[in-house]
Amino acid sequence: MEYFLQQLINGLTLGAVYGLIAIGYTMVYGIIGMINFAHGEIYMIGSFIALICFSILGLSGVASVPLAILVVLLVTVLFTAAYGWAVERLAYRPLRGSFRLAPLISAIGMSIFLQNYVQLLQGARVKAMAPMVTGGFVVTERAGFQVTLSYMQIIIMALTLILMAGFSQLISRTALGRAQRACEQDQKMAALSGIDVDRTVSLTFLLGAGLAAVAGVMTTLHYGVIDFFIGFLVGLKAFTAAVLGGIGSLPGAMLGGILIGLVEAFWAAYFAAEYKDVAAFSILVLVLVFRPTGLLGQPEVEKV
Amino acid sequence: MSALASPDAAVPAMLEVAHLSMHFEGITAIDDVSFSARRGEITGIIGPNGAGKTTVFNCITGFYRPSVGRIALDHEGGRFLLERMEGFRIARDAGVARTFQNIRLFPRMTVLENLLVAQHVKLMRASVFSIAGLLGLPRFREAEAAAIEVARGWLDRLGLVKAADREAGTLAHGQQRKIEIARAMCSEPKLLCLDEPAAGLNPRETAELNRLLLDIREDYGVGILLIEHDMAVVMGISDRVVVLNYGAKISDGTPEEVRNDPAVIRAYLGEEGDPPETNSRGPSPGRGRP
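Here's what I pulled together on the structure shown here.

## Describing the overall build of chain A
Then, in step 1: Each helix and strand counted, chain A has eleven helices and four strands in total.
Then, in step 2: Here the C-alpha atoms of chain A give a radius of gyration of 19 Å, agreeing with the 19 Å that 2.2 N^0.38 yields for 304 residues.
Then, in step 3: Each of the three principal axes of chain A carries a C-alpha extent, and together these read 65 × 50 × 35 Å.
Then, in step 4: Counting over 304 residues, chain A shows a buried share of 52%.
Then, in step 5: Considering only intrachain contacts with a sequence separation of at least 6, the fraction spanning at least 24 residues in chain A is 76%.
Then, in step 6: Entry remark: accessible area of chain A is about 13,500 Å², with carbon and sulfur atoms responsible for 71%.
Then, in step 7: Computing the positive centroid from 16 side-chain charges and the negative centroid from 14, chain A places the two 6 Å apart.

## As for the pairing of strand S2 (residues 136-142) of chain A
Then, in step 1: Note: S2 of chain A against strand S3 (residues 145-150) of chain A, six bridges, orientation antiparallel. Pairing of Thr140 of chain A across the sheet is with Val147 of chain A, part of S3 of chain A.

## Here we look at the sheet that holds strand S4 (residues 68-75) of chain B
Residues and elements named next belong to chain B.
Then, in step 1: Pairing is antiparallel in the open sheet, where four strands are placed in the order S2-S1-S4-S5. The sheet is open, and its two borders are formed by strand S2 (27-37) and strand S5 (78-81), each paired with just one other strand. Here the average twist between neighbouring strands, direction ignored, is 20 degrees.
Then, in step 2: Strand direction decides the pairing type here: strand S1 (residues 15-24) and S2, joined by seven bridges, are antiparallel. Opposite Val17, over in S2, you have Phe35 as the bridge partner.
Then, in step 3: Against the sheet, helix H1 (residues 53-60) makes contact with S1, S2 and S4, and its axis sits at roughly 110 degrees relative to S1, the strand it touches most.

Conventions used here
- Residues numbered from 1 in each chain as written.
- Chains lettered and ligands numbered in written order.
- Predicted model: local features only at pLDDT ≥ 70, side-chain atom pairs only at ≥ 80, totals over all residues.
- Heavy atoms only, no water.
- Helix = DSSP H or I, 4+ residues; strand = E, 2+ residues; numbered from the N terminus.
- Rg over C-alpha atoms; globule rule 2.2 N^0.38 Å.
- Buried < 20%, exposed > 50% of the residue type's maximum accessible area, 1.4 Å probe, protein only.
- Contact = heavy atoms within 4.5 Å.
- Areas by Shrake-Rupley, 256 points an atom, 1.4 Å probe, with all protein chains shown as cover.
- Lys, Arg positive; Asp, Glu negative; His and termini not counted.
- Charge placed at Lys NZ, Arg CZ, Asp CG, Glu CD.
- Pairing = 2+ DSSP bridges.
- Axes fitted to C-alpha atoms, helices over the stretch in contact; angles between N-to-C directions.

Keep in mind these values describe shape, not function.
Pasting the structure below:
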């Protein structure tokens, strides 16, 4: 039971991270109908920027941990969002109106490019960071097995919750959110209502990249090891989460992220840990075969 | 019609379409069409199927870039050459709004949201890229409240207040048409382009539509461009009528002048026959193929 509880906590933490990244996939799919396969790399770049920022802050002797995290979050989100924006501007926008597969192929190219770019600049070796936030609560303890909820895990889950709440608010209540939904449903009509579709798409990429950056900062802090290739696997899992939740659906992305995180954690706990990725991706296959619209997705209405 | 409606009135034209041509890979959809429209007037565009009416609209609203020609819009906001502008700028800066033959509401947004999207420009400005909106700052809340008030005013006028929170796609056809016009008006246009607003409406709804369009002209002083097959609508409420046939303009004038123009009669009914009647109840002559 204690073991279960511990894995539940771990799974939720992991799921929160997947959820944050999955939102980027789902929003971009919603608005321009393409899978941004470079999104995992955006997350990876976020991790690297976070690591670099932490190193710089460490060298310049910033002692306050909350201050350091806050500064790093802001800087990382800013720079990563700029990357996300640039990717859309350079690799996708020129191809809008081209055949459907063009941006997809471009995305895969962008993904490979970004991996190699980071590998060249930062080296191929795994980078590690000493944990900054240590300690936590002991939830229960029995027979020498402690169930802990670390401060870091609390930070991750709390931050994810806050961001999710803010995001739902943004999409449902603000003019930008309405513009995004309008573009999702009918881009030409949105333009006729005076909405700058290009800018709305750009903002969507900015926002998605910003969330991936937060995920990058959090995983760098929590797990402490990164390399140029982490974006691939995490990106694919977040994509699986988005599909599981119903691609295009925002709450779906979050739900899918949590479910994937839990599946992974429990599979690793009770079955073979080496096969946890197989478990996660089996879900992708099963969902695509049996429920392509995902858990919360709407069936595709005819798109004009 | 009022004195305003007379084509001789000294009101300068707001919309000036000059030598407009549109070719699609060798097919000429519009051929050297020129006409003008004034603010506070309803300008009907009629013509048999395939005459190029909707293509003219698509050029004006930025869906197509015309092959040749100039489309100039003049009002107190400035002078705009629409043929060079991007679609959203034509809507946002030049103040052109349109509706579609096959209704294009945002079907999965509520009626209210549809009307708010049309007020996007001012809301976006008030919300400073949504930051103020997210924080719920008073500045955005006030702008949002004002926008909802405008939307409510329109729903009230159309008798659709109760439908405000329903998804637009679930409403009846006639209601969707009205909401599409209301949405266009919510963006505070200077020029309103209506593509067959009476299509699919029953006679009662058509009468309501006529009244609505005359009211809009009266209350807002916008210029209205109206493509319509239903002659009762066009001849009944237009101040001026432009007739297209095979992509070319064949007549232009008051409804009375156009009705008696031999070229129009030929285009509609062949060499001999009666001119299109104002109150034709039977199959509308506009539906006949040339």
